[in-house]
Amino acid sequence: MRVFVGALVWGVQLIDRVISRNRLAGMVAVLLLASGLAALGIPRVYAADIAERSYTNAAGTRSYYLHVPPGDTAGKPLMIYLHGCTDPEAQLADNGFSLTRIADELGFVLAYPIQTRDADERWCWNWFDPADQERDSGEPSIVAGITETLIEEFGIDRARVYVGGYSAGGGMSTVMAATYPDLYAAIAPMAGAPHGMSLQPLEADLTGATIVASMGPRARPVPAFFLQDLADQTSLYPIGRANVLQWLGADRRAGNLTLADAPTAVTTTADPVPATIEHYIGSGCELAQFVTPVGPDHIGGGLLMQSPSGLTLQRRMMDFLLAHRLTGPRQVC
């Protein structure tokens, strides 16, 4: 079933069921009075230990930043974070590589692959290009190659390797899980897009069949942490709802699961901004979290995931990911 993403008003209706209109209005008021994400006031702080490297294979060359937490790396987890569009090196450096603080706190190796302007004039990962949606070719092979290089070099725990990102990086995170479900234990596709979504017209198969087909014999339910800002004007909120619906469908197909489209539980937080957190649990495992900050636009959401102002949210993302270990085909976490 292919669905026009722009018509997915179901997502907004679900939020109305989960949170009362009065409570939502109150959260918005708090945000407007106390937060003002348009003026986050990000301090210009730089992480102490960032190495610059490059990786080359038949598909091309990409540089990447690397941060290694203190102590022995043997058996540590690995996180691959994929940036959004527009001058990624400035995005990361100007915000102090903030996720490195969580890496030191929780003890995981962290890498930031960098897209080139030659590959995309806006430095976007080409998640939407069929040439960059296949295993062992294009950009997925480069990201996977960086991942494998770091696993071997640092003695990483292969059961605890993760990939996530924001915007175009979120879209590519979905591609990475569909092409390498045997490499990444869990993913964080934030403000991204459904797998295989066409741009002209704007539509996607929400059954999850395209994901499972891409996974092939390696198909397995892949836990995912979603974040979609309610006021995002670029990756529109219904696109985020389509993303989680598609992934839940893929989980059901890949694991023969009974898993509802509605959340099992919903919690709220005000740190760092008001947000709802939907929990999707199947077979005793939390297969998805869907976080909806109330107020930030697309840029503001990106700042939350890449600046010191969003450390609490970044920690939530990593807590979710690190709770999952790689499973075999058709196996739930």
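Residues numbered from 1 in each chain as written. Predicted model: local features only at pLDDT ≥ 70, side-chain atom pairs only at ≥ 80, totals over all residues. Heavy atoms only, no water.

### Looking at the side chain of Asp-132
Here's step 1: Counting through the fold element by element, Asp-132 comes out in the loop between strand E5 (109-113) and helix H5 (138-154).
Here's step 2: Of the side chains with opposite charge, Arg-62 comes closest to the buried, unpaired Asp-132, at an N-O distance of 6.2 Å.
Here's step 3: At 2.9 Å, the side chain of Asp-132 forms a polar contact with the backbone nitrogen of Glu-139.
Here's step 4: Residue contacts for Asp-132: discarding those within four places in its chain leaves Asn-126, Gly-138, Glu-139, Pro-140, Met-172 and Val-175. (Helix = DSSP H or I, 4+ residues; strand = E, 2+ residues; numbered from the N terminus. Buried < 20%, exposed > 50% of the residue type's maximum accessible area, 1.4 Å probe, protein only. Lys, Arg positive; Asp, Glu negative; His and termini not counted. Salt bridge = Lys/Arg side-chain N within 4 Å of Asp/Glu carboxyl O. Polar contact = N/O pair within 3.5 Å; in protein donor to acceptor, adjacent residues only side chain to side chain. Contact = heavy atoms within 4.5 Å.)

### A word on the state of the cysteines
Here's step 1: Scanning the model with the defined rule gives two disulfides in all.
Here's step 2: Bridging Cys-85 to Cys-124, the disulfide has an S-S length of 2.0 Å. Measuring the twist about the S-S bond at about 125 degrees, one finds the Cys-85-Cys-124 disulfide to be right-handed. With Cys-85 in the loop between strand E4 (78-82) and helix H3 (88-94) and Cys-124 in the loop between E5 and H5, the pair connects residues that are 39 residues apart, well separated along the chain.
Here's step 3: A residue is classified by how much of its surface remains accessible, and Cys-124, at 6% relative accessible area, is buried. (Disulfide = S-S within 2.5 Å.)

### Some details on the environment of Pro-181
Here's step 1: On the secondary structure map, Pro-181 appears in the loop between helix H6 (168-179) and strand E7 (186-190).
Here's step 2: You can call Pro-181 buried: its relative accessible area is 0%.
Here's step 3: Ignoring sequence-local partners within four residues, the contact set of Pro-181 consists of Arg-135, Met-176, Met-215, Arg-218, Arg-220, Val-222 and Leu-326.

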